[in-house]
Amino acid sequence: MGKLSHILLPNTLRLAWLNLLRNGRRSLLSVLIIAIAVFALTSAGGYGLYTYESLRESTARDTGHLTLSTPGYFEQDEEMPLSNGLDSAQGLIRGIIGDTDVRGVQPRVYFSGLVSNGSKSTIFMGTGVNEREFDMKGPFLDVSSGHTLSDVKSTRYNPEEPQVMLGSDLARNLKVAVGDWVTLLATTSDGALNAFDFKVRGIYSTGVPELDKRQLYVHVTMAQELLASDKVSTLSVFLFDTALTDTVQQRLEAQLAEHSQTLGADHQAIEITPWQDRAFFYTKVKDLYDRIFGIMGAVMALVVFVSLFNTMTMSVTERTREIGTLSALGSYPSEIVSGFLKEAGLLAFLGSMAGALFSALISVMLLVVDIQMPPPPGRTDGYPLNIYFSFELVCYATLGVMLICLAAAYLSARKGVNKPITEALVYV
């Protein structure tokens, strides 16, 4: 060990390393305290990063990274269905889909009414979509039985059997299963009543009971026929990378502004809303977690500081005669304090590396071992426990622990070197 330290460490650090080995048990305890603190901070932070990303992706995939609508669409109710809808949706889609960062553009028609199985009726909240909607949602929509909506242009699609997907609780309340028929009654854009029969294609769960009791999906063309309009409520733009939301929004706004100048007064005003402006649940959870992790970090920092201050104080007290001897031999107080700072820095570095390594091992283990977390408030489905390992987070934790250790070592060492030399030499 001595030869290895001589090769890897310069003389000043090698002296600090040898001083730590003089009391190996106390040094090991200090390293363990630092390692536990770094592990706790990086693990909690990694869980927070996983939670943030999961919430961000689920929200973006539900609403779309960008939503095109008429101005003020989300702030006011429509007098009639699709009265505030978008005209010429296909032209807008063709203009947007050419962007290399755009994964897809999905039209949506939002409507409501009554759904009946023939003997029982209940209120529903419907969304008209096309078949690619469910590919965009990915794992955030759980189809418990049946299938998602098929392509109306496919040869397998039977136009005499329009398809509907029901939320799990809605299907259970109506006592219908895949293959059964239901009737949707809604108000058209002209204020009249219209009703179509639909065949249940699939039953799904969003994990939110309130949505599963009321929500259903039909194809966007069938929703337009039911409402007697060719408009769509919104256009949802899905991107390959959520981080590009602001960049793509600026490009689309410039594109729409150029298009409006070409058409002049005949152009319909369009507003682009990023997913963050519709992510109420995400922002609240993020604020809550930021406070929790901030308090946890402060508590961990206090524990490390008290532990290291106690350790360094004991070390300085036991080595008071050594400090007096070094002072008598002509060592400056700053040189003596510097030696203690190097020891504290080594402790912080070793403890941080051990804590980061343990955090990385836990992150990898959770990818292999399936540990389910209980459902959060307002949901019925749990989710897998994952912890992201972030080098940036490790660097921040290491830097914080390093500063705490250096501060504790400085305060302890200054107390020792301030003693008179004669008093320090006879100290017992």
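The sections below set out a description of the structure shown in this document. The model shown is predicted, which means the values in this text are computed figures rather than measured ones.

Quick look at the overall build of the chain
At step 1: Within the chain, the regular secondary structure consists of 14 helices and 12 strands.
At step 2: For the chain, whose C-alpha radius of gyration is 32 Å, the value lies well above the compact-globule estimate of 22 Å for 428 residues.
At step 3: By principal-axis analysis of the C-alpha atoms, the chain measures approximately 100 × 55 × 35 Å.
At step 4: Put simply, the chain has 428 residues, and 42% of those count as buried.
At step 5: Put simply, 77% of the contacts in the chain that link residues at least 6 apart link residues at least 24 apart.
At step 6: Summed over its atoms, the accessible surface of the chain is roughly 22,600 Å², and 60% of this surface lies on carbon and sulfur atoms.
At step 7: Computed over 34 positive and 42 negative side-chain charges, the separation of the two mean positions in the chain equals 15 Å.

A word on the pattern of salt bridges
Side-chain pairs of opposite charge can arise whenever the charged atoms involved come near each other.
At step 1: Summed over all chains, the structure comprises five salt bridges.
At step 2: Close ionic contact of Arg251 with Asp101 constitutes a salt bridge, the shortest N to O distance being 2.7 Å. Within this pair, whereas Arg251 is found in helix H9 (residues 245–263), its partner Asp101 is found in the loop between helix H4 (89–96) and strand E2 (102–116), the two being separated by 150 residues in sequence.
At step 3: Residue Arg251 is classed as partly exposed on the basis of its relative accessible area of 34%.
At step 4: Across the salt bridge formed by Lys199 and Glu161, the nearest N and O atoms sit 3.5 Å from each other. Of this pair, Lys199 sits in strand E7 (residues 193–205) while Glu161 sits in the loop between strand E4 (142–146) and strand E5 (163–167), placing them 38 residues apart in sequence.
At step 5: By relative accessible area, Glu161 is classed as partly exposed at 29%.

Topic: the pairing of strand E3 (residues 121–129)
At step 1: Where E2 lies against E3, eight bridges are found, and the strand directions are antiparallel. What sits directly across from Val109, in E3, is Gly128.
At step 2: What sits between the antiparallel neighbours E2 and E3 is a turn of four residues, in which Gly118 has the positive phi angle 110 degrees.
At step 3: Pairing of E3 with strand E8 (residues 215–219), which is carried by five bridges, proceeds in the parallel orientation. Within E8, the residue paired with Gly126 across the bridge is Leu216.

Overview of H4
At step 1: Burial in H4 covers these residues: Ala89, Leu92, Ile93 and Ile96. All buried residues of H4 fall inside an arc of 100 degrees around its axis, so they share one side. Among the exposed residues of H4, those oriented more than 90 degrees off its buried face are Gln90 and Arg94.

Brief notes about unusual backbone geometry
Most peptide bonds take the trans form, and the phi angle of most residues other than glycine is negative.
At step 1: In this structure, Leu82 takes a positive phi of about 65 degrees despite not being glycine.
At step 2: On the secondary structure map, Leu82 appears in the loop between strand E1 (66–69) and H4.
At step 3: Look at Ala228: it is not a glycine, yet its phi comes out positive at around 55 degrees.
At step 4: Mapped onto the secondary structure, Ala228 falls in the loop between helix H8 (220–227) and strand E9 (234–239).
At step 5: Overall, the relative accessible area of 44% leaves Ala228 in the partly exposed class.

About the thresholds
- Residues numbered from 1 in each chain as written.
- Predicted model: local features only at pLDDT ≥ 70, side-chain atom pairs only at ≥ 80, totals over all residues.
- Heavy atoms only, no water.
- Helix = DSSP H or I, 4+ residues; strand = E, 2+ residues; numbered from the N terminus.
- Rg over C-alpha atoms; globule rule 2.2 N^0.38 Å.
- Buried < 20%, exposed > 50% of the residue type's maximum accessible area, 1.4 Å probe, protein only.
- Contact = heavy atoms within 4.5 Å.
- Areas by Shrake-Rupley, 256 points an atom, 1.4 Å probe, with all protein chains shown as cover.
- Lys, Arg positive; Asp, Glu negative; His and termini not counted.
- Charge placed at Lys NZ, Arg CZ, Asp CG, Glu CD.
- Salt bridge = Lys/Arg side-chain N within 4 Å of Asp/Glu carboxyl O.
- Pairing = 2+ DSSP bridges.
- Arc of directions from axis to C-beta.

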